[in-house]
Each structure stands twice: as structure tokens, then as C-alpha cells.
Amino acid sequence: MATPPPIRAPVGARLIAPSETDLSRCVRCGLCLQHCPTYLATGLETESPRGRLYLMRALAEGVAQPTANAVGHLDQCLQCRNCEAVCPSGVPYGRVMEAARAQVLAGGRAPLSWRLRALFLRQVIARPGRLALVAAALRLYRACGLRAVAERIPVLRDRVLFAPTVAGRPFRRTGVIARPQGAVQRRVALLTGCIMPLAYGRVHEATARVLALNGCEVTAPAEQVCCGALHAHNGDRETAAALARRNVDAFLAAGADAVVVNSAGCGAAMKEYGALLAEEPDYAEKARRLAETVRDVHEFLADLPFAPPASGPELTVTYQDSCHLAHAQGIAGAPRLILAAIPGLRLLEMAHADRCCGSAGVYSLTQPQMSLRLLDEKMREIAATGAAVIATANPGCMSQLEAGARRHGLRVRVAHAVELLDEAYRDSGAGV
Ligand code: SF4
Ligand code: SF4
């Protein structure tokens, strides 16, 4: 087998500073402001998309320096891309912010917190063995009741709230993980990711069952790695590109009709592999080819189309759009279509369902105050629906909403939308 590319390898200069073309698209109309959670929370131009674009241009041109104050405004951005989705000028805000952060990090003057974050993401999140050790510690912390105690102590409560919930059996399966009972209609490869198999292995099991019930043979390629989204979002595009190369090789070798992803952030990142590796002669064409086959699981099921379940448990459900599904991938209808197809399920829409819950990758850990502010507002809007279940589409959102439910004493369950479809199939007596 060929030696895999190293974790961390050089990328083209284009990826380490926002381009003039991208920056100049902003005409400063301000139409994005009322869609930006941090602007709505603070009322400050510096915490708005327009203000940040102005700052990123000044940093790119060397007019502004990456002082603690300047990078603080970049740090406060959730990278939810709500501004990008509504911008009439087509400013590729996500790409600009990633490049601006990469420029600060590569410039050697990034704050210590940025360098430590990049080191953690590179040395732990991108390395499954080390990440499994962290997950084991978190599992123990929860299992022996320490989390429950810490969350009752006022001085600790807000600090420990966002430690991810790691529960259930880790998902470690590779190769063919599910087959349909009848003829194979589609062959798909599942991205298992880094945190998802440790924290929400049950979602992968549900996804595999649902796909198999709809005629798919599901493979989990053993050579796949973390998608690199967290690294790219935090300015380490070198590590993101190295991980992308490994995934391009692993998933093309699987030869599947589609790569199915049940984590919104990972799906958005994989759909952008073509752009990430565009300057690499050995990978540009392969990355573009792979990216064209990447499908979010809701999108994939809606396009099949999936078989509606014959019955399902009586449930009231509200759906929280994951930012990287609704804004980065433009998918808001497919998850609702799936939920609406479940007999007995009543969908109760919350206000501002497409506004970020404050999770945003590692944002809840790096910006806990703003994250809590957004989460508290989100939980009030969820409580107003009276729903018993919150459905969403990303592990970060699931973990954040679980933390919000504990914080607000809400007796709600948080589930991936595909889990609810899986339960309805099982309620109907369908099985693989
Ligand atoms: S990012 Fe788009 S919507 Fe916002 S001010 Fe610039 S042009 Fe207008
Ligand atoms: S990505 Fe989200 S938080 Fe950042 S500027 Fe855009 S709307 Fe605001």
C-alpha cells in the first residue's frame, strides 16, 4: 500500500490569505447584518459580517496588524455562514474567514490561544488513538457522576457545561457495514469522522440501517480519516489539506456511487475538497471528482427517494437547522421532508430555527460567553414549541443542545433526524 501523505504538508499560497477577488465582492450593503447572530447579540459593526470583512481586507493589505483586539473580532465569528447564504453579492464569507485565519496563523504573530488550538486540533483531533484517550476520560468523567456534580456548582457550571457528552459504544466498524435484504441498488461509502464514532456511534448505526432498508450497500472505508473541517475553520489549512488528500484516496478506492455524510460540518468540508486541493497537480482532479459524489444523508435519502415508514411512534419534534447544512450546503427542506414522512410525528417549527445554537465547532469552548448567550435564546425558543424531541443534523449541535437542555432543566431528547426515521422503520416492523 502507498505511504499516506503526512499530517501537515504545505498548501498553495492562495489558501493562506483571502483573495482580492473574494474581498472586493462586498459592496457594504448591510443586508447580512440582521442575519448575523453576533451582530444581533451585540449591535456592534465590528461583530458583523461587513465589519469583519473590512477588518480582513485591512489585515490582508497589511493596513491592520493582528493585535489581540483585531483577532478577537475574528474569534467571535461563529463561521455559521448565515451571512453568506443571504448575501446578494455572493461574498464567499466562509472561504474568506478561513483564509484570513490561515494568514494570521501563518504570519507567526497569532495569539498563543490560536497556536494552542491549532496544536490540539492537529495533535489530538486528527489522531484517532489520542482522541480515543480523551473520549475515554470524558466517558469516565460522566459515568462516575463528576459532570453532574460540577454542573451543580455555580462557579464551575458554565465552564464544564460544554464538555462533549461521550456515551454509548464507540463505532469501530469498517468494510461493508450494512446490506439490503434484496438487490443492491446503490453502493455508498459512509464518512465516520473523528468525534462522531466516539460520541454518537448510534447515529452511524441508524444511518447504516436506514440506507440498507432503502436498497444501499454501505461501506465504511478503513483508511478514512477526520474530514479536516475543524482545522480549516481554525486557520490550519495545511492539516486540513493533508487530511483531505487521505480521504480522497480512501474514498475513491472504495469505488462507491456516493459518499454519504451524516454530519453537516463534515459534509460541507468534503464538498469543498475540490477548492481546497485545487492547486495540487496530483490531487486537484481527484478531489473535484470525489467532491461531486459527496451527499448529506438527508439530501441523499430525499433524492433516492426513501420509502416512507408505514408507522411510527407518536412524537412532537422541533428541527434545529445545522448551519453547515442550511447555510453552507443550502439544505433545509430534505430533513423536514424526512420528518414529515414519519407517521405519528408532529413537526413544531421553532422561531429562528436556522440561527446558530452557539456550538460552531470548538466555539463553545473558545467563546463560552457568546455561545451561552446564543444557546439560552435557542433553548427559550425550543421550550416555546413544547416539543419532546429536538432533531438536528450535526454532532456539535447535538452536544450543544443536550447541554442546553441540562442547563434549562428541559426534559427533551436530542436526536439526529435519521435516528427518528430509523425508529419509525423499526416501529413498522421493517428490518435489515
Ligand atoms: S457581505 Fe454581502 S450582504 Fe453583507 S454587506 Fe457585504 S455585500 Fe452586503
Ligand atoms: S459567519 Fe455567522 S457569525 Fe460570522 S459574520 Fe457571518 S453570520 Fe455573523
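Residues numbered from 1 in each chain as written. Chains lettered and ligands numbered in written order. Predicted model: local features only at pLDDT ≥ 70, side-chain atom pairs only at ≥ 80, totals over all residues. Heavy atoms only, no water.

## Observations regarding the site of ligand 1
Right, so step 1: Around ligand 1, the structure places Cys26, Val27, Arg28, Cys29, Gly30, Cys32, Arg50, Leu53, Cys87, Pro88, Ser89 and Val91.
Right, so step 2: Residue classes in the shell around ligand 1 are distributed as eight nonpolar, two polar and two charged. (Near = heavy atom within 4 Å. Nonpolar A, V, L, I, M, F, W, Y, C, P; charged D, E, K, R; others polar.)

## Points about the domain arrangement of the protein
Right, so step 1: When cut into domains, the protein gives domain 1 (13-111), domain 2 (113-160), domain 3 (175-302) and domain 4 (309-427).
Right, so step 2: On a C-alpha basis, the centres of domain 1 and domain 4 stand 28 Å from each other.
Right, so step 3: If you look at the interface, domain 1 gives 14 residues, while domain 4 gives 14 residues.
Right, so step 4: Of the roughly 1,200 Å² buried where domain 1 meets domain 4, counting both sides, 59% is carbon and sulfur surface.
Right, so step 5: On inspection of domain 1 and its partner domain 4, the count reaches four residue pairs in polar contact (both at pLDDT 80 or more).
Right, so step 6: For the side of domain 1 that touches domain 4, the elements supplying multiple residues, two or more each, are helix H2 (37-42) and helix H5 (82-86).
Right, so step 7: Here the side of domain 1 that touches domain 4 takes five residues from H2, the largest share from any one element.
Right, so step 8: Split by residue class, the side of domain 1 that touches domain 4 holds seven nonpolar, five polar and two charged. (Domains from an automatic or database assignment. Contact = heavy atoms within 4.5 Å. Buried area = accessible area lost by both parts, 1.4 Å probe. Polar contact = N/O pair within 3.5 Å; in protein donor to acceptor, adjacent residues only side chain to side chain. Helix = DSSP H or I, 4+ residues; strand = E, 2+ residues; numbered from the N terminus.)

## Some thoughts on the site of ligand 2
Right, so step 1: Every residue close to ligand 2 is listed here: Cys36, Pro37, Thr38, Pro49, Arg52, Cys77, Leu78, Gln79, Cys80, Arg81, Cys83 and Tyr93.
Right, so step 2: Going through the elements one at a time, H2 and helix H3 (49-61) are the ones with two or more residues in the shell around ligand 2.
Right, so step 3: Here the shell around ligand 2 is composed, by residue class, of eight nonpolar, two polar and two charged.

## Quick word on a nonpolar patch on the surface
Right, so step 1: A cluster of nonpolar side chains, namely Leu112, Leu116 and Leu119, defines an oily patch on the protein surface of about 290 Å² accessible area.
Right, so step 2: Mapped onto the elements of the fold, Leu119 is located in helix H7 (residues 112-125). (Patch = residues over 30% accessible without salt bridge, like charges linked within 9 Å, V, L, I, M, F, W, Y side chains within 5 Å. Areas by Shrake-Rupley, 256 points an atom, 1.4 Å probe, with all protein chains shown as cover. Salt bridge = Lys/Arg side-chain N within 4 Å of Asp/Glu carboxyl O.)

## Details of the packing of aromatic side chains
Right, so step 1: In total, this model carries zero aromatic pairs according to the counting rule given.
Right, so step 2: Its end group placed over the ring of Tyr283, Lys286 keeps NZ or CZ at 4.3 Å from the ring centre. (Phe/Tyr/Trp six-rings, centres within 6.5 Å; stacked < 30°, edge-to-face > 60°. Lys NZ or Arg CZ within 6 Å of the ring centre and 35° of its normal.)

## Section: the packing of helix H14 (residues 237-254) against helix H17 (residues 284-291)
Right, so step 1: Look at H14 against H17: their axes get within 10 Å of each other, and the N-to-C directions meet at 60 degrees. Overall, the two elements H14 and H17 adopt an arrangement that is oblique. Between H14 and H17 lies a crossing of left-handed hand. Here Asn247, Val248, Asp249, Phe251 and Leu252 of H14 come into contact with H17, specifically with Lys286, Ala287, Arg289 and Leu290.
Right, so step 2: Grouping the constituent residues of the contact of H14 with H17 by class yields five nonpolar, one polar and three charged. (Axes fitted to C-alpha atoms, helices over the stretch in contact; angles between N-to-C directions. Parallel < 35°, antiparallel > 145°, perpendicular 65-115°, else oblique. Left-handed = near helix turned anticlockwise from the far one by under 90°.)

## Regarding the sheet that holds strand E1 (residues 175-178)
Right, so step 1: Read across the sheet, five strands follow the order E1-E3-E2-E4-E5 without closing on themselves; strand pairing throughout is mixed. Strands at the two margins of the open sheet, each flanked by one partner only, are E1 and strand E5 (294-296). The average angle at which neighbouring strand axes cross in this sheet is 40 degrees, direction not considered.
Right, so step 2: Sheet topology note: the strand E4 (residues 258-261)/E5 ladder contains three bridges and is parallel. Each bridged residue has a counterpart across the sheet, and for Val259 the counterpart in E5 is Val294.
Right, so step 3: Across the sheet, helix H12 (residues 201-213) touches E1, strand E2 (186-190), strand E3 (216-220) and E4, and the angle it forms with E3 is around 150 degrees. (Pairing = 2+ DSSP bridges.)

## Quick look at the confidence of the model for the protein
It should be kept in mind that the predicted coordinates are not to be read in detail where pLDDT is low.
Right, so step 1: For the protein, the mean per-residue pLDDT works out to 92, and 94% of the residues sit at or above 70.
Right, so step 2: pLDDT under 50 marks residues 1-14. Its contacts with residues more than four places away, or in other chains, come to 36 contacts. (pLDDT = per-residue confidence, 0-100.)

## As for the side chain of Asp321
Right, so step 1: Within the secondary structure, Asp321 sits in the loop between strand E6 (315-319) and helix H19 (323-326).
Right, so step 2: Within the local environment of Asp321, its side chain forms a polar contact with the side chain of Arg336, the two groups lying 2.8 Å apart.
Right, so step 3: Excluding its chain neighbours within four sequence positions, the residues that come into contact with Asp321 are Ala326, Ala332, Arg336, Ala353 and Asp354.

## A few points about the nonpolar core
Right, so step 1: Counting residues in each nonpolar core, the largest one holds 39 residues, and the members touching the most others are Val188, Leu211, Leu301, Val317, Leu339, Leu420 and Leu421.
Right, so step 2: Lining this core are residues from two domains, each supplying at least three of them: domain 3 (175-302) and domain 4 (309-427).
Right, so step 3: Leaving out residues up to four positions away in the same chain, Leu420 has contacts with Leu315, Val317, Leu339, Ile342, Leu345, Val389, Ala391, Arg413 and Ala415.
Right, so step 4: Counting residues in hydrophobic clusters, the runner-up holds 26 residues, among them Cys36, Leu74, Tyr93 and Ala118. (Core = buried A, V, L, I, M, F, W, Y, C linked by side-chain atoms within 4.5 Å. Buried < 20%, exposed > 50% of the residue type's maximum accessible area, 1.4 Å probe, protein only.)

## Notes on H17
Right, so step 1: Of the positions making up H17, those classed as buried are Ala287, Leu290 and Ala291. Seen from one end, H17 has its buried residues packed into an arc of 100 degrees, which puts them on one side.
Right, so step 2: In this structure, the buried residues of H17 make contact with H14, E4, helix H15 (264-271), helix H16 (273-276) and E5. (Arc of directions from axis to C-beta.)

## Some points on the pairing of strand E8 (residues 389-392)
Right, so step 1: Every second residue of E8 is oriented toward a common face, with Val389 and Ala391 on one face and Ile390 and Thr392 on the other, all of them buried.
Right, so step 2: Relative to strand E9 (residues 413-416), E8 runs parallel, the two sharing four bridges. Residue pairing across strands places Thr392 opposite His416, the latter belonging to E9.
Right, so step 3: The handedness of the E8 to E9 crossover, carried by helix H23 (residues 395-408), is right-handed. (Right-handed = clockwise from strand over helix to strand, strands pointing away.)

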